[in-house]
Amino acid sequence: MERIDKIISEHTHYTRKEIKRLISQRAVYVNGEEVKKPEAKFDEEDVSVKINGEEIEIKKHIYLLLNKPKGYVSATEDKSQKTVLDLIPKEYKYRNLFPAGRLDKDTTGLMLITDDGEFAHNILSPRKHVQKEYEVTLDIPVTSTMIEEFKNGVNLNDGECKTADLEITGEYTANVTITEGRYHQIKRMFGCFGAKVLELNRIRIGNLYLGEELKPGEIKEATAEELQKIQERD
Ligand code: URA
């Protein structure tokens, strides 16, 4: 059981002070009955809240899918640069959202933004074997040696990478699938072959593809089915 002013403040933009005022204005209803005091307690999992006649959605966690554009850093705040959180609609701003994993500033593509730490861990931890697939464009042609070496595990200065799948899609382009998320991992993997990554776009996490629906910079709430897919392992 939780105080109603706490429940509402955690799920809306209203502050505790505003909620107190709304209650005194008789504007807050829970489960069809007027709330008289901010201290009144309810079961957070099972409440229907209306403020000024409007239903408030009480969701434990938020899961947003973003097609990250270039130019944004994957952080919750930064002194001088735009962050992916700057792309989030303001109705979600009161939640403690963070990007689940990092894409470099110049990398584009599918990203999950959530306030569910356990869920984020489940898709990020290399032990969970959730695949991340990227479209890559290089400055030199992709070679079959790269395919072999990626499969065997490329040696980076912070240790050997797990096996990665490299599929050639054009002379300079390939799709790479990894299950880790080390700092600049794909750029450093290709760097071992003297190749520079010119474009990097994440198209899949787990079994969830970015698809056509989200244009760069667009965000939407994930459906239950999408959340299921994003956790599926190899
Ligand atoms: N690997 C990289 O080098 N950069 C990314 O943004 C993601 C994977």
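These notes cover the structure that comes with them.

Rules of the game
- Residues numbered from 1 in each chain as written.
- Predicted model: local features only at pLDDT ≥ 70, side-chain atom pairs only at ≥ 80, totals over all residues.
- Heavy atoms only, no water.
- Helix = DSSP H or I, 4+ residues; strand = E, 2+ residues; numbered from the N terminus.
- Rg over C-alpha atoms; globule rule 2.2 N^0.38 Å.
- Buried < 20%, exposed > 50% of the residue type's maximum accessible area, 1.4 Å probe, protein only.
- Contact = heavy atoms within 4.5 Å.
- Areas by Shrake-Rupley, 256 points an atom, 1.4 Å probe, with all protein chains shown as cover.
- Lys, Arg positive; Asp, Glu negative; His and termini not counted.
- Charge placed at Lys NZ, Arg CZ, Asp CG, Glu CD.
- Near = heavy atom within 4 Å.
- Polar contact = N/O pair within 3.5 Å; in protein donor to acceptor, adjacent residues only side chain to side chain.
- Nonpolar A, V, L, I, M, F, W, Y, C, P; charged D, E, K, R; others polar.
- Pairing = 2+ DSSP bridges.

Time to look at the overall build of the protein chain. The helix and strand tally for the protein chain stands at 6 helices and 17 strands. Computed over its C-alpha atoms, the radius of gyration of the protein chain comes to 22 Å, more than 25% above the 17 Å expected for a compact globule of 234 residues. Seen through its principal axes, the protein chain has C-alpha atoms that stretch 70 × 35 × 35 Å. Burial analysis of the protein chain (234 residues in total) assigns 44% to the buried set. In the protein chain, the proportion of contacts linking residues at least 24 apart, taken out of those at least 6 apart, comes to 64%. Of the roughly 13,000 Å² that the protein chain leaves accessible, carbon and sulfur atoms contribute 46%. If the 37 positive side-chain charges of the protein chain are averaged to one point and the 43 negative ones to another, these points end up 6 Å apart.

Around the ligand lies a shell formed by Leu103, Asp104, Thr107, Tyr134, His184, Gln185, Ile186, Lys187 and Leu200. Contact between the ligand and His184: an oxygen atom at 3.3 Å from a main-chain N or O atom of the residue. The backbone of Lys187 places a nitrogen or oxygen atom 3.1 Å from an oxygen atom of the ligand. Relative to its unbound accessible surface of 240 Å², the ligand loses 96% to contact with the protein. Per element, the largest residue contribution to the shell around the ligand is 3 residues, and it comes from helix 5 (residues 185–191). Counted by class, the shell around the ligand contains 4 nonpolar, 3 polar and 2 charged residues.

Attention now goes to unusual backbone geometry. Phi at Arg26 is positive, roughly 60°, even though this residue is not glycine. Residue Arg26 is classed as exposed on the basis of its relative accessible area of 54%. Of note, the phi angle at His129 is positive, near 60°, even though the residue is not glycine.

Next up on the list: the sheet that holds strand 6 (residues 54–56). Within the open sheet, the 4 strands sit side by side as 3-2-5-6. Their pairing is antiparallel. The open sheet terminates on both sides in strands that have one partner only, identified here as strand 3 (33–34) and strand 6. Here strand 2 (residues 28–30) runs beside strand 3; their pairing, made up of 2 bridges, is antiparallel. What sits directly across from Tyr29, in strand 3, is Glu34.

Turning next to the pairing of strand 15 (residues 197–205). Across the 9 residues of strand 15, 7 count as buried, placing the element largely inside the fold. Relative to strand 15, strand 9 (residues 108–114) is paired through 2 bridges, and the arrangement is parallel. Residue pairing across strands places Gly109 opposite Arg202, the latter belonging to strand 15. In terms of strand pairing, strand 10 (residues 132–138) meets strand 15 through 7 bridges, oriented antiparallel. Across the sheet, residue Lys132 finds its bridge partner in strand 15, namely Ile205. Counting the residues between successive antiparallel strands, the hairpin from strand 15 to strand 16 (residues 208–209) contains 2 residues, one of them, Gly206, with a positive phi of roughly 60°.

Right, let's talk about the pairing of strand 10 for a bit. Of all 7 residues in strand 10, 5 are buried; the element is thus mostly enclosed. As defined by bridge partners, strand 10 adjoins strand 14 (residues 173–178) across 6 bridges and the pair is classed as antiparallel. Counterpart to Glu133 in the pairing with strand 14 is Thr177.

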